[in-house]
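Fold and contact review
Here's the letter readout for the chains.
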Amino acid sequence: MIINLSETNSLVGEWLSEIRNIDVQQDRMRFRRNMERLGEVAAYEISKTLEYEEKEITTPMGIANCRVLKAQPVLATILRAGLALHQGLLHYFDKADHAFISAYRKHNHDGSFDISLEYVSSPSIEGQVLILSDPMLATGSSLVKTIEHLEEIGKPTHIHLVVAIACTVGIEYVLRNTKANITIWAGDIDDELTAKGYIVPGLGDAGDLAFGNKLQQ
Ligand SMILES: O=P(O)(O)OC[C@H]1O[C@H](OP(=O)(O)OP(=O)(O)O)[C@H](O)[C@@H]1O
Ligand SMILES: O=c1cc[nH]c(=O)[nH]1
């Protein structure tokens, strides 16, 4: 299932307009905070799809029947650009365990690139709901490689992918190359991808905007 959060009127549109805007996105703190806010809204929307159970809670005045999560999801993100989005999800799923994966584009001399995945730190994800965040779903190769790797650790019951901007071909690539039960929550979906793998209109380089330019690998 694919959910485009921009298809309904909400503050998501306002935040994305700032994240994309060349005159506003240079304000790194606002850029990161808007990513966090997207993560927060996605967390709330995803929370409606999870399983709950009744629990009796003692208040100073009596007993209240509350509906609480049956199990915490596991939150995972791809370093480094995913950190702000992840922080937003963490604000809401504040009892979750976390997985971190480092993936970056290693550029070849001919201009092509491979995804290099070097660091993985994960709790058990077997039989759990996994929420994997990454601001950009461009070619989809980072997410596919990450999911392949995480699935060697354990098979989640469901994977929620949270992305700020997804590209149509990238979504198709992810859905074609993973067997997992996946829901994609996208802030917005763009149609064009450049030969260098950048989304158009997109937002530019999410990692650099959040944390500064990196040296080319
Ligand atoms: O769908 P793909 O084509 O794989 O591209 C998306 C990847 O690109 C960005 O990371 P980037 O390589 O810029 O690394 P960074 O986090 O270090 O900035 C982004 O955070 C994704 O992980
Ligand atoms: O458009 C894109 C594609 C990949 N990574 C980014 O940061 N931006």
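So, how was this worked out
- Residues numbered from 1 in each chain as written.
- Chains lettered and ligands numbered in written order.
- Predicted model: local features only at pLDDT ≥ 70, side-chain atom pairs only at ≥ 80, totals over all residues.
- Heavy atoms only, no water.
- Salt bridge = Lys/Arg side-chain N within 4 Å of Asp/Glu carboxyl O.
- Helix = DSSP H or I, 4+ residues; strand = E, 2+ residues; numbered from the N terminus.
- Buried < 20%, exposed > 50% of the residue type's maximum accessible area, 1.4 Å probe, protein only.
- Contact = heavy atoms within 4.5 Å.
- Near = heavy atom within 4 Å.
- Polar contact = N/O pair within 3.5 Å; in protein donor to acceptor, adjacent residues only side chain to side chain.
- Areas by Shrake-Rupley, 256 points an atom, 1.4 Å probe, with all protein chains shown as cover.
- 1 Å grid on protein atoms, 1.4 Å probe; cavity = no way out; pocket = protein on both sides within 12 Å on 5 of 7 lines; lining within 4 Å.
- Sits in = over half its atoms within 2 Å of the grid points.
- Nonpolar A, V, L, I, M, F, W, Y, C, P; charged D, E, K, R; others polar.
- Pairing = 2+ DSSP bridges.

The protein has the name Uracil phosphoribosyltransferase in an unreviewed UniProt entry, where Chitinophaga qingshengii is given as its organism.

Further remarks concern the pattern of salt bridges. Enumeration according to the criterion identifies 10 salt bridges in this entry. Of the charged contacts, one joins Asp188 and Arg20 as a salt bridge, the two residues approaching to 3.1 Å between their closest N and O atoms. Here the residue Asp188 occupies a position in strand β10 (residues 182–190), and Arg20 occupies one in helix α1 (residues 11–20), the gap between them amounting to 168 residues. A relative accessible area of 21% places Arg20 in the partly exposed class.

Its place among the elements puts Ala96 in the loop between α3 (83–92) and β5 (97–107). For Ala96, a relative accessible area of 9% puts it in the buried group. Distance from Ala96 to Pro73, taken between C-alpha atoms, is 5.9 Å for residues 23 residues apart in sequence. Excluding its chain neighbours within four sequence positions, the residues that come into contact with Ala96 are Gln72, Pro73 and Leu75.

The next point concerns the site of ligand 2. In the region of ligand 2, the neighbouring residues are Arg105, Met136, Ala138, Gly197, Tyr198, Ile199, Gly204, Asp205 and Ala206. Contacts to ligand 2 include Ile199, whose backbone N or O atom sits 2.8 Å from an oxygen atom. At 2.7 Å, a backbone N or O of Gly204 approaches a nitrogen atom of ligand 2. When the free accessible area of ligand 2 is taken as 240 Å², the share hidden by the protein chains comes to 89%. Taking a 2 Å distance to the grid points as the criterion, the majority of the atoms of ligand 2 fall inside the largest pocket. Here the residues of the shell around ligand 2 sort into five nonpolar, two polar and two charged.

Quick look at the pairing of strand β6 (residues 113–121) now. With eight bridges connecting them, β5 and β6 associate as antiparallel partners. Residue Tyr104 lies in a different strand from β6, and its bridge partner there is Ser116.

With respect to the element layout, Ser141 can be found in helix α4 (residues 141–153). Here Thr139 takes part through its side chain, which lies 2.5 Å from a polar atom of the side chain of Ser141.

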